[in-house]
Amino acid sequence: MSRKVNISVDNLPDTLRGQIHGVESAIDNESLALFTDNKDVRISIENAAHGLRAYSNTFNHYDLWGRFVRSGHKKLPLEEAPKKTIVTRKISEKVDGILYDGEIKITPAVVSSRKDGEDVEYLVWPSDREEKVERALIRLASKGKIVKINFKSGIQYAVVFSMNELAQELKAVGQSMPYPQIKESLEALQGSKLSFKYSATDTKNTDIDDSFYESNMNFLSSLHFSGKKGQGGNVKCVACLNAFVHNMIDNLEYKGYYFNSAQELKRGLSRWMMLRLYHLWRYAAPGKTYHFRLLSIMEKYGSIYSTDDITENKLKALRRDMTTTMKDLIEKGAISEYSITNVKDDKTGNIIDYTYEMHPSDQFCDEILTLNKQNKRIEIQGGKRIVENAVLIDEDKIEEIVEK
């Protein structure tokens, strides 16, 4: 049975009806049909090592950027706001041969909450809580709860869901939240702003000039609720995705991953590392390893900044955090083992960093193989991957190509 929603203008919130000309669901829209196509990535229930895994999508370089605040202030009354509220981080990621280099700025949202019977305004930085809600929101979109809305001002993609549906996705991975917390997280995502500027260098083709990009947007473009007082989980929601995510869906700049495997992990760093492995370790196979430097990865995650003075005690603390994450990844079945090499200062001989080498588990290799086949099939159907000696490709032919 299809999980894709078929929605009309009439059952959208009143705040939207007068602004739009029409709505297309994933049943009718080619880009959304590909984004929600997950029928070939369900692992057989007979495979006891896996069980059935929930499938979702992750956006190529967007989800690798440090878009969430890991430390410092996360919610403050406006009168307690620090002088500097905007968080600035560097961007440095290489994905599919493209090197993205630049910076990103995160501006907190202003949300209103009841305190002692009065409405109080707070600054809310998008943190681990908002990251959980965003992942669950994209999981719903990947299941088919996504539509194309033709606004008078332009086209947007939106996730259509109830509060209960979003709460159930969070509960399924051990991240239960009360409805007010979920609603505040959504409002924080809609109110928080992203400003980024970066260059994109094709490292595989030096003849192509570098591209430069600069944009300002919100995590969510807009947010709409409808329902009756006391409805709670039955409240209907429409969350419009920002233009950057919209374009990535249209350009097939996303990859599949197993939502449960990543999001069931209790620690934020472990969840982030698991998603990163699904995203970047696309050639995981027995005998192949994945390397990273501790300080570099912690900067990408957002635990530290490039300007921080990393003392010996701080370095030890970061190593302890990563050791716990490595244990989480082993217990989850993503890696079989790992090793650490000291990086020493040439002059003093002091340890200044660590290099990690990770070995994939057989389970993770199998999962990556399945996800790669799915990604290849979607690219063929979407016309992104050129297939030699083929003009028209039916479903049987696509399956044959994917299996090769």
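Calculation notes
Sequence order sets the numbering: in each chain, residues are counted from 1 along the sequence as written. Local features in this predicted model are restricted to residues whose pLDDT is 70 or higher, and side-chain atom pairs enter the listing and the counts only when it is 80 or higher, whereas totals over whole chains, interfaces and linings include all residues. Side-chain metrics in this entry use all non-hydrogen atoms of the structure; hydrogen atoms and water are not considered. Here a strand is any run of E in DSSP of at least two residues, a helix any run of H or I of at least four, and the numbering for each starts at the N terminus. Only protein chains enter the accessibility calculation, which uses a 1.4 Å probe; a residue whose area is less than 20% of its type maximum is buried, one above 50% is exposed, and one in between is partly exposed. The Shrake-Rupley method, run with a 1.4 Å probe, gives the accessible areas here. Residue values count only the displayed protein chains as cover. Stacked, tilted and edge-to-face are the three classes assigned to paired rings of Phe, Tyr and Trp, where Trp is represented by its six-membered ring and a pair needs centres within 6.5 Å; plane angles under 30 degrees give stacked, over 60 edge-to-face, the rest tilted. Only when the NZ of Lys or the CZ of Arg is both within 6 Å of the ring centre and within 35 degrees of the ring normal is a charge said to sit over the ring. Within this document, salt bridges are pairs made up of a side-chain nitrogen of Lys or Arg and a carboxyl oxygen of Asp or Glu, the two lying within 4 Å of each other. Every axis in this analysis is a line fitted to C-alpha atoms, fitted for helices over the stretch in contact. Angles between the N-to-C directions lie between 0 and 180 degrees. These descriptions rest on fixed angle ranges, namely under 35 degrees for roughly parallel, over 145 for roughly antiparallel, 65 to 115 for roughly perpendicular, and the rest for oblique. Residue contacts are defined here by distance: any two heavy atoms, one from each residue, within 4.5 Å place the two residues in contact. The nonpolar class holds Ala, Val, Leu, Ile, Met, Phe, Trp, Tyr, Cys and Pro. Asp, Glu, Lys and Arg form the charged class, and all remaining residues, Gly among them, are polar. Residues enter a nonpolar core if they are buried and are Ala, Val, Leu, Ile, Met, Phe, Trp, Tyr or Cys, with the set joined through side-chain atoms within 4.5 Å. When DSSP finds two or more bridges between a pair of strands, those strands are recorded as paired.

The name recorded for the protein in an unreviewed UniProt entry is Replication protein A, from Pseudoalteromonas undina.

**Quick word on the overall build of the protein**
Each helix and strand counted, the protein has twelve helices and 17 strands in total. Expressed as a percentage of the 404 residues in the protein, the buried residues total 49%. Counting every atom, the protein has about 20100 Å² of accessible surface; 46% of that belongs to carbon and sulfur.

**Here's the deal with the packing of aromatic side chains**
Scanning the entire structure with this criterion turns up 21 aromatic pairs. Ring geometry for F68 versus F219: centroids 5.6 Å apart, planes at 50°, classification tilted. With F68 in the loop between β2 (55-59) and β3 (75-77) and F219 in the loop between β11 (211-218) and β12 (220-226), this pair connects stretches of sequence that are 151 residues apart. With relative accessibility at 1%, the residue F68 sits in the buried group. Between the aromatic rings of Y100 and Y198, the centroid separation amounts to 5.8 Å while the plane-to-plane angle is 65°, which identifies the pairing as edge-to-face. A residue pair is termed long-range when its members are at least 10 positions apart, and Y100 in strand β5 (residues 98-107) and Y198 in strand β10 (residues 193-202) qualify at 98 residues. Here Y100 falls in the buried class, since its relative accessible area comes to 11%. Cluster of aromatic residues (ring-pair linked, three or more members): Y257, Y258, Y278, W281, Y290, F292, Y338, Y356 and F364. Cation over ring: K75 sits above Y122, and NZ or CZ is 4.6 Å from the ring centre.

**Notes on the pattern of salt bridges**
Per the stated rule, a full pass over the model turns up 22 salt bridges. Measuring nitrogen to oxygen at the nearest pair gives 3.1 Å for the salt bridge that ties D37 to R377. Taken together, the positions of D37 in the loop between α2 (30-35) and β2 and R377 in helix α11 (residues 362-382) put the pair 340 residues apart, joining distant regions of the chain. Neither residue differs from the other here; D37 and R377 are each classed as buried. Taking the shortest distance from any N to any O, the salt bridge between K316 and E312 comes out at 3.5 Å.

**Comments concerning the packing of helix α9 (residues 294-301) against helix α10 (residues 312-332)**
Each pair of packed helices can be described by the angle between their axes along with the distance between the axes. Where α9 contacts α10, the two axes come as close as 11 Å, and the packing angle between them is 75°. Classified by the angle between their axes, α9 and α10 sit roughly perpendicular to one another. Contact residues: α9 offers L294, L295, I297 and M298, while α10 offers L315, L318, R319, D321 and M322. Tallied by class, residues from the contact of α9 with α10 come to seven nonpolar, no polar and two charged.

**Observations concerning the nonpolar core**
Counting residues in hydrophobic clusters, the biggest one holds 95 residues, and the most contacted among them are L329 and M358. Those residues in contact with M358 that lie beyond four places of it in its chain are M273, L277, W281, K288, T289, Y290, F292, M326, L329, I335, E337 and Y338. V23, F151, V238 and C240 belong to the second-largest nonpolar core, a separate cluster that totals ten residues.

**Some remarks on the sheet that holds strand β8 (residues 146-151)**
An order of β1-β8-β9-β13-β12 is seen for the five strands of this open sheet, with the pairing classed as antiparallel. The sheet is open, and its two edges are formed by β1 (20-25) and β12, each paired on a single side. Between one strand axis and the next, the sheet turns by 25° as a mean value, whatever way the strands run. Pairing of β1 with β8 involves five bridges; the strand directions are antiparallel.

**A few points about unusual backbone geometry**
If you check the backbone angles, D96 has positive phi at about 50° while not being a glycine. Tracing the backbone shows D96 in the loop between β4 (87-95) and β5. You will see that L252, though not glycine, has its phi angle at about 60°, which is positive.

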